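# Architecture at a glance
One-letter residues, chain by chain:
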Amino acid sequence: MTGRAVSGHARAASEPRIGVVGATGAVGTVALELLRERGYRDVRAFASARSAGTQLDGCVVEEATADGLSAGDVDVFLFAVGTAASHELVPHAIAGGAVVVDKSSAFRLVDGYPLVVPEVNAQRALEHPGVVANPNCCTIPLACVLKPLHDAAGLRRVRVSTYQSVSGAGASAMRRLLGEPQAEHDLRMEWDFDGVEFDEESKLREETRKIMELPDLPVSATCVRVPVLVGHAESVWIETEDRLTADDAKRLLGDAPSIRLEDFPSPGKAAGRDDVLVGRIRQDPTEPHGLALFLACDNLRKGAALNAIQIAELLLQAQRVAA
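Summarised in this report is the structure supplied together with it. (Residues numbered from 1 in each chain as written. Predicted model: local features only at pLDDT ≥ 70, side-chain atom pairs only at ≥ 80, totals over all residues. Heavy atoms only, no water.)

## Let's talk about the packing of aromatic side chains
Evaluation of the coordinates by the stated rule reveals 6 aromatic pairs. Look at W191 and F198: their rings are 6.0 Å apart centre to centre, the planes differ by 65°, and that puts the pair in the edge-to-face class. Per residue, the accessibility class of W191 equals that of F198, and both read buried. A network of ring pairs unites the aromatic residues F46, F77 and F79 as a single cluster. (Phe/Tyr/Trp six-rings, centres within 6.5 Å; stacked < 30°, edge-to-face > 60°. Buried < 20%, exposed > 50% of the residue type's maximum accessible area, 1.4 Å probe, protein only.)

## Remarks on the sheet that holds strand 9 (residues 155–164)
An order of 10-9-11-14-13-12 is seen for the 6 strands of this open sheet, with the pairing classed as mixed. Looking along the sheet, the strands with just one partner apiece sit at the ends: strand 10 (219–225) and strand 12 (259–261). Taking each pair of neighbouring strands and ignoring which way they run, the sheet shows an average axis angle of 25°. Inspection of the sheet shows strand 9 paired to strand 10 by 7 bridges, in the parallel sense. Paired with S161 across the strands is T222, a residue of strand 10. Together, strand 12, strand 13 (276–283) and strand 14 (290–297) form the strand contacts of helix 8 (residues 246–254), whose direction differs from that of strand 13 by roughly 165°. (Pairing = 2+ DSSP bridges. Helix = DSSP H or I, 4+ residues; strand = E, 2+ residues; numbered from the N terminus. Axes fitted to C-alpha atoms, helices over the stretch in contact; angles between N-to-C directions. Contact = heavy atoms within 4.5 Å.)

## Considering the nonpolar core
Core analysis: the largest hydrophobic core is formed by 57 residues, its most contacted members being F77, F79, V145, L149, V278 and L293. In terms of residues, this core owes the most to one element, helix 5 (residues 139–153), which gives 8 residues. Beyond its immediate stretch of four places on either side in the chain, F77 contacts G19, V21, F46, L69, A93, A98, V99, V100 and V101. Judged by nonpolar contacts, the second largest core, of 40 residues, contains A23, L56, A304 and A308. (Core = buried A, V, L, I, M, F, W, Y, C linked by side-chain atoms within 4.5 Å.)

This is the structure we're talking about:
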């Protein structure tokens, strides 16, 4: 994979041109790695002015400016930056004719912008107004698990507790954990708080409802940050409309895309994997239609970068068909 020079060379008409904005961050670096693994060659890295000119995974990092993003020489941009930066820069990328897959919360819950997990609602990606939103890193694995169970038995209620690694807060949080004495490790609840719940909890509820197209689904979430570098875990309790046994659930989830059954999922086992690990699947003895399970997912891969790339591949396929 090379940097900007690729776009100046003759290339096959089918060679997609992809830009990663926020390429030097925790998610951006994984996105570049995954794009290389998946065989993409015309990939450019964009970041802030302080990173411009540096080498990253074979790319020369370019500054993410309005002029650079609107130049019209990229087909799909993967944005891995904060909400404010997305609000500022995404319109310029769209003005240049690119489609944007944005991982921030800038567009996720805005009417008219699709919020997509390809295993759940891939068709919605093609209904975009120039931007497709990439969900929260806990919503993505949860939706992958809920989809096959809902299709089989309907969802009545979902309760979830998350155990989120520090990489979800970015590269600086990872460095802080590595430099922190073990005796100081603790749970953190570092999201915006309205006096009742954290915005991370409300995001998980509202994003799940939007992706599943179940606007009234009761979802109760409790989110905490744990002293783990990579890998989010979730403890999930589900009530279904029709009864499912634990064996039914294991069979459904075992056949579902992007899910791997694991007796005891953990962040360590999930790190570096593209699948959502699901285990501890059992009946909830307090609810006749209840199931309990535990999942773990690499939040930088399927929880962020890989899901965005899968969306981009849907968009690129649609562009090829249209051409």
